[in-house]
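Tertiary structure, described
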Amino acid sequence: MTAMPTDPAPSPPAAGAGRYAPSPSGDLHLGNLRTALLAWLFARGTGRRFVLRIDDLDRVRPGAEERQLGDLAALGIDWDGPVLHQSDRLGRYDAAVGRLTEAGLTYECFCTRREIHQAATAPHGPQGAYPGTCRELTPAERDARRAAGRPAALRLRAARPDFEITDRLHGRYRGPVDDLVLRRGDGIPAYNLTVVVDDAEHGIDQVVRGDDLLPSTPRQAYLATLLGLPVPEYAHVPLVLNTAGQRLAKRDGAVTLADRRHHGDSVRDVVALLATSLGLSGDSAEELLTGFDPGRLPRTPWILDPDSLVCTAGGP
Ligand code: GLU
């Protein structure tokens, strides 16, 4: 493993913490609320602090954060300390990228999305991974691309093709690392970097989130080890899907807390619905905490028909 320069990062508090980290791009729907509730149950059920972080480097819709926080609080999800914002932490991401760069672990990438897609789908190319086009550019080639005005993203020079993590629900999971983007061409730090830096610096040692993020997790864990940061424990929970088997979205109908209240449901009704979908019973977050057992959670998605609110929860 490459030795990294030391970094004067603030040391995380001693007690562990879980977190929920929504992007403030709109209202939370039942799928988001269910994941948030689970993250809270996992954390509180193990005596951890619970941190709320707003991932606001991208897709910010005015008023969304306030409504998201209001909905979480209404459900009985509480959090410790101030709500954290990624937009306040740009210096921390720059510091992490700087450390990787000093260690020779980054390179500029001038590829467009289209070029990457074409190369990655070439018959004999690597499946879905960055094909490494810009990895070995000569200084002259790099200068030529810069002179042509192409904005450069910054990528990790990964030293291995894959990495294994352990997940509470999925067990051992190995997935590709590839030369992931650390900073996008528009200068915004990439999600895979920010999440790693934030979780470590906020003392998050338990990451509970939707299982659509499982494939990104080996990359994040690998990045954490390169930065000398601890790898949290993971639990990737099943998503909520619509009746067509797609990830639930707002266009699927009455799926936000405000929608459900408009339809005459109380907050307790919504908590009870989420509880049922998880094989739990109770209509308040606090009540669900009693006897919460992650080992008994459903392992399959919850298929939701918002029109009839028919729930076909999968078995454990
Ligand atoms: N902000 C990300 C999202 O809403 C989640 C980040 C995470 O849980 O790691 O998809």
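In what follows, the structure referred to is the one given above.
Keep in mind that this is a model prediction, so the values were computed, not measured.

A separate point is the site of the ligand. Taken together, the residues surrounding the ligand are Arg-19, Ala-21, Ser-23, Asp-55, Tyr-191, Val-195, Arg-209 and Leu-213. Side-chain polar atom of Arg-19 to an oxygen atom of the ligand: 2.6 Å apart, as the coordinates give it. The contact in question runs from a nitrogen atom of the ligand to an N or O atom on the side chain of Ser-23, over 3.1 Å. When its residues are assigned to classes, the shell around the ligand shows four nonpolar, one polar and three charged.

Inspection of the entire model under this criterion finds 26 salt bridges. In this structure, Asp-179 and Arg-135 form a salt bridge, with 2.8 Å as the shortest nitrogen-oxygen distance. Within this pair, whereas Asp-179 is found in the loop between strand E7 (171–176) and strand E8 (181–183), its partner Arg-135 is found in the loop between helix H4 (113–120) and helix H5 (139–147), the two being separated by 44 residues in sequence. The class of Asp-179 is buried, set by a relative accessible area of 6%. Counted as one network, the salt bridges with shared partners bring together Arg-19, Arg-53, Asp-55, Arg-89, Arg-92, Asp-198, Asp-199 and Glu-201.

What follows covers the packing of helix H1 (residues 30–45) against helix H9 (residues 267–277). Axis angle and axis distance: for two packed helices, these are the angle between their axes and the distance between the axes, and together they describe the pair. Direction vectors running N to C along H1 and H9 enclose 75°, while the axes themselves pass 10 Å from each other. Considering their axes alone, H1 and H9 lie roughly perpendicular with respect to each other. Listed contacts from H9 to Leu-30, Leu-33, Arg-34 and Leu-37 of H1 are Val-270, Leu-273, Leu-274 and Ser-277. Residue composition of the contact of H1 with H9, grouped by class: six nonpolar, one polar and one charged.

Phi at Arg-59 takes a positive value of approximately 45°, unusual for a residue other than glycine. Assignment of secondary structure puts Arg-59 in the loop between strand E2 (49–54) and helix H2 (64–75). The exposure class assigned to Arg-59 is exposed, which follows from its relative accessible area of 54%.

Counting 42 residues, the largest nonpolar core has Leu-41, Leu-72, Leu-75, Ile-77 and Leu-274 as its most contacted members. Looking at this core, the elements that each hand over two or more residues are H1, E2, H2, strand E10 (233–237), H9, helix H10 (285–289) and strand E12 (302–305). The element contributing the most residues to this core is H1, with 10 residues. What Leu-41 contacts, discounting residues up to four positions off in sequence, is Leu-280, Ala-285, Leu-288, Leu-289 and Phe-292.

If you walk through the whole model with that rule in mind, you get two aromatic pairs. Ring plane angle 70° and centroid distance 5.5 Å describe the contact between Phe-42 and Phe-292, whose orientation is recorded as edge-to-face. One end of the pair, Phe-42, is in helix H1; the other, Phe-292, is in the loop between H10 and E12, and 250 residues separate them in sequence. Judged by relative accessible area, which is 13%, Phe-292 ranks as buried. Geometrically, the ring pair formed by Phe-163 and Tyr-222 is tilted, given 5.7 Å between the ring centres and 50° between the ring planes. Of this pair, Phe-163 sits in strand E6 (residues 162–167) while Tyr-222 sits in helix H7 (residues 217–226), and the two are 59 residues apart along the sequence.

Cut-offs used in this document
- The numbering scheme is per chain: residues are counted from 1 as the chain's sequence reads.
- A pLDDT threshold of at least 70 governs which residues receive local features in this predicted model, and a stricter bar of 80 or more applies before side-chain atom pairs are shown or counted, although totals over entire chains, interfaces and linings include all residues.
- The basis for the side-chain values is all heavy atoms of the structure; hydrogens and waters are excluded.
- Think of it this way: one heavy atom of a residue within 4 Å of a molecule or strand is enough to make that residue near it.
- Nitrogen and oxygen atoms within 3.5 Å of one another constitute a polar contact, given that in protein one can donate a hydrogen and the other can accept it, and given that sequence-neighbouring residues count only through two side-chain atoms.
- Polar here means any residue other than Ala, Val, Leu, Ile, Met, Phe, Trp, Tyr, Cys and Pro, which are nonpolar, and Asp, Glu, Lys and Arg, which are charged; Gly is therefore polar.
- Whenever a carboxyl oxygen of Asp or Glu lies within 4 Å of a side-chain nitrogen of Lys or Arg, that contact is scored as a salt bridge.
- Only runs of H or I of at least four residues qualify as helices and only runs of E of at least two qualify as strands under DSSP, and these elements are numbered from the N terminus.
- Three exposure classes are used, based on accessible area relative to the maximum for each residue type with a 1.4 Å probe and protein chains only: buried under 20%, partly exposed in between, and exposed over 50%.
- Orientation is described by axes fitted as lines to C-alpha atoms, over the contacting stretch for helices, and by angles from 0 to 180 degrees between their N-to-C directions.
- We call two directions roughly parallel when the angle between them is under 35 degrees, roughly antiparallel when it is over 145, roughly perpendicular when it lies between 65 and 115, and oblique otherwise.
- Here, two residues are considered to be in contact whenever any of their heavy atoms come within 4.5 Å of each other.
- By nonpolar core we mean a set of buried residues, namely Ala, Val, Leu, Ile, Met, Phe, Trp, Tyr and Cys, connected to one another through side-chain atoms within 4.5 Å.
- The rule is short: rings of Phe, Tyr and Trp, with Trp giving its six-membered ring, pair when the centres are within 6.5 Å, and they are stacked under 30 degrees, edge-to-face over 60, tilted in between.

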